[in-house]
2 protein chains.
Amino acid sequence: MREIFRQELEQVGDDLVLMARHVQTAMEHASIALATGDLRLAERVIDDDRTVDQLEQSLDEQCVTLLARQQPVATDLRVVVSALRLSATLERMGDLARHVAQVARGRYPELAVPESFTDVFRRIADASNTVARDVVRLLEGRDLALAATIEADDDQLDALHRETFRLMLAPRENARPLDAQQVVDVTLLGRYYERFGDHGVSVARRIAYLVTGEAYGTTIPDGVDAQISRGA
Amino acid sequence: MREIFRQELEQVGDDLVLMARHVQTAMEHASIALATGDLRLAERVIDDDRTVDQLEQSLDEQCVTLLARQQPVATDLRVVVSALRLSATLERMGDLARHVAQVARGRYPELAVPESFTDVFRRIADASNTVARDVVRLLEGRDLALAATIEADDDQLDALHRETFRLMLAPRENARPLDAQQVVDVTLLGRYYERFGDHGVSVARRIAYLVTGEAYGTTIPDGVDAQISRGA
């Protein structure tokens, strides 16, 4: 019975890694599509999000079956409940990659990112790729040092998010003024990446909790909402 | 044993209703604070979000304890797993109410909503209040007719969200042009309310699934993202 439980739990872990890898690829490709106006790549990201959704459903079924048949307690129970939550978070990260791709597709053949924002969105793409890569690694190996790294990556993403607001609200003198569509796009894109980072942190905290039994952060972080809405 | 299980499960149900009521009040007050520039009300919403967060944690602990001690199977297990997910969704709805309040606070003593958007945001507030109220009722009574009503409320919210984009991107002739801060605020506010409605639908679908055993919608809906990003 225990052996079966271990095997099933390992399968759940493998599927979480698989899901995280899909999410990583999705966000990487979405950022490339956004930067280059690659319509086909954007559409591939949008279509492939279904795979992540299916993986979530499959994982959820596995977890519920595991709970019903194996009736785990203590740490084992905590692991299964966490897996349920991790799959929901990864599914949401996949959605956010899809949203970025949808903005890229929506502006085709133009680029969605205004010229004066090319650099900040390149850095945002780098930071979100780092978050996604570290989430995969954390799920692969439960190396707790990565949890702290993800928090730092997310701080970086938050700082870059604030930078997009600064550029919109106090543009450089020689920057071409943005039209309303561009402000909308930059605002939404900034929000999507920021939430992507927040969810990465949520994964990190959940794994840290699993490994150490101690919560060092209890709710999904909210990034810079508080700051920006205080008046950027 | 069964009697204790029933009692504990009832407690979980009661706490979900309590949480949903907090969320309803939070969004109602956030919308009033937004419409009237009421700083103290905005701050109360922001502070009170902690209560929702605490309720979520308490609910999660109850559910995990229930799983460990009572080892439910079949429908009972599904109910407990659903409660875990419902509490996460309600917590997120509370966050979104807080975000609306944060935008209201950030623009104080000005109003965050530009004059030409007063009417659409009044209708958005009405629709989100309806969603929140129906979520409370659905959790109270499991009346499946309400699940369909919530879907319709959310369609209404999505239509109003599209209307905010129309007003930003093709303003009426006599409307005063928006500055970048206003476009940012309207974009984020629209997104917060839209997500609030999406989460309401997610609650509706989960309860419907619990009652009927049939999924009629499997992932959290994405509102109008696809449409708006196709090019508003």
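Predicted model only: the values in this text are computed from it and were never measured.

**Considerations on the overall build of chain A**
For chain A, the count of helices and strands is seven helices and zero strands. Starting at the N terminus and ending at the C terminus, chain A contains elements arranged as α-α-α-α-α-α-α. Relative to the 2.2 N^0.38 estimate, which gives 17 Å for 232 residues, the radius of gyration of chain A is 19 Å and therefore close to what a compact globule would have. Along the three orthogonal principal directions, the C-alpha set of chain A runs to about 70 × 35 × 25 Å. Of all 232 residues assigned to chain A, the portion counted as buried reaches 56%. Looking at chain A alone, contacts between residues at least 24 apart form 82% of all its contacts between residues at least 6 apart. Accessible area of chain A: about 9,800 Å², with a carbon and sulfur share of 48%. Here chain A carries 27 positive and 39 negative side-chain charges, and the mean point of each set is 2 Å from the other.

**Structural notes on helix α6 (residues 180-212) of chain A**
Residues and elements named next belong to chain A. With 33 residues, α6 should reach 48 Å at 1.5 Å per residue; the first-to-last C-alpha distance of 48 Å fits that figure. Along α6, 27 of the 33 residues are buried, which leaves the element largely enclosed by surrounding structure. Where α6 begins, the capping side chain belongs to Asp179, and its oxygen is found 3.2 Å from the backbone nitrogen of Gln181.

**As for the packing of aromatic side chains**
All names here are of chain A. Enumeration over the complete set of coordinates arrives at two aromatic pairs over all chains. Ring geometry for Phe121 and Tyr193: centres 6.3 Å apart, planes at 50°, overall tilted. Of the two residues, Phe121 is situated in helix α4 (residues 118-141) and Tyr193 in helix α6; the sequence distance between them amounts to 72 residues. Note on Phe121: relative accessible area 5%, which makes it buried. Note on Tyr193: relative accessible area 1%, which makes it buried. If you follow Arg78 out to its NZ or CZ, it ends over the ring of Tyr209, 4.9 Å from the centre.

**What about the UniProt feature "domain: PhoU" (unreviewed entry) in chain A?**
Residues and elements named next belong to chain A. Following the UniProt record, one finds the feature "domain: PhoU" (unreviewed entry) at residues 17-103 and 122-207. Helix and strand shares over residues 17-103 are 94% and 0% respectively, and the end C-alpha atoms of the span are 27 Å apart. Annotated as 86% helix and 0% strand, the span residues 122-207 places its first and last C-alpha atoms 29 Å apart.

**Quick word on the pattern of salt bridges**
Between side chains of opposite charge, a pair can form when the charged atoms approach closely. For the structure on display, the rule yields 34 salt bridges over all chains. Between Asp60 of chain B and Arg85 of chain A there is a salt bridge, and its shortest N-O distance comes to 2.9 Å. One end of the pair, Asp60 of chain B, is in helix α2 (residues 39-70); the other, Arg85 of chain A, is in helix α3 (residues 74-107), on a second chain. Each member of the pair, Asp60 of chain B as well as Arg85 of chain A, is classed as buried. One connected set of salt bridges, linked through shared partners, spans Asp49, Arg92, Asp95 and Arg98 of chain A.

Conventions and cut-offs
- Residues numbered from 1 in each chain as written.
- Chains lettered and ligands numbered in written order.
- Predicted model: local features only at pLDDT ≥ 70, side-chain atom pairs only at ≥ 80, totals over all residues.
- Heavy atoms only, no water.
- Helix = DSSP H or I, 4+ residues; strand = E, 2+ residues; numbered from the N terminus.
- Rg over C-alpha atoms; globule rule 2.2 N^0.38 Å.
- Buried < 20%, exposed > 50% of the residue type's maximum accessible area, 1.4 Å probe, protein only.
- Contact = heavy atoms within 4.5 Å.
- Areas by Shrake-Rupley, 256 points an atom, 1.4 Å probe, with all protein chains shown as cover.
- Lys, Arg positive; Asp, Glu negative; His and termini not counted.
- Charge placed at Lys NZ, Arg CZ, Asp CG, Glu CD.
- Expected span 1.5 Å × (residues − 1).
- Polar contact = N/O pair within 3.5 Å; in protein donor to acceptor, adjacent residues only side chain to side chain.
- Phe/Tyr/Trp six-rings, centres within 6.5 Å; stacked < 30°, edge-to-face > 60°.
- Lys NZ or Arg CZ within 6 Å of the ring centre and 35° of its normal.
- UniProt positions renumbered as here; feature names shortened; annotations may be inferred.
- Salt bridge = Lys/Arg side-chain N within 4 Å of Asp/Glu carboxyl O.

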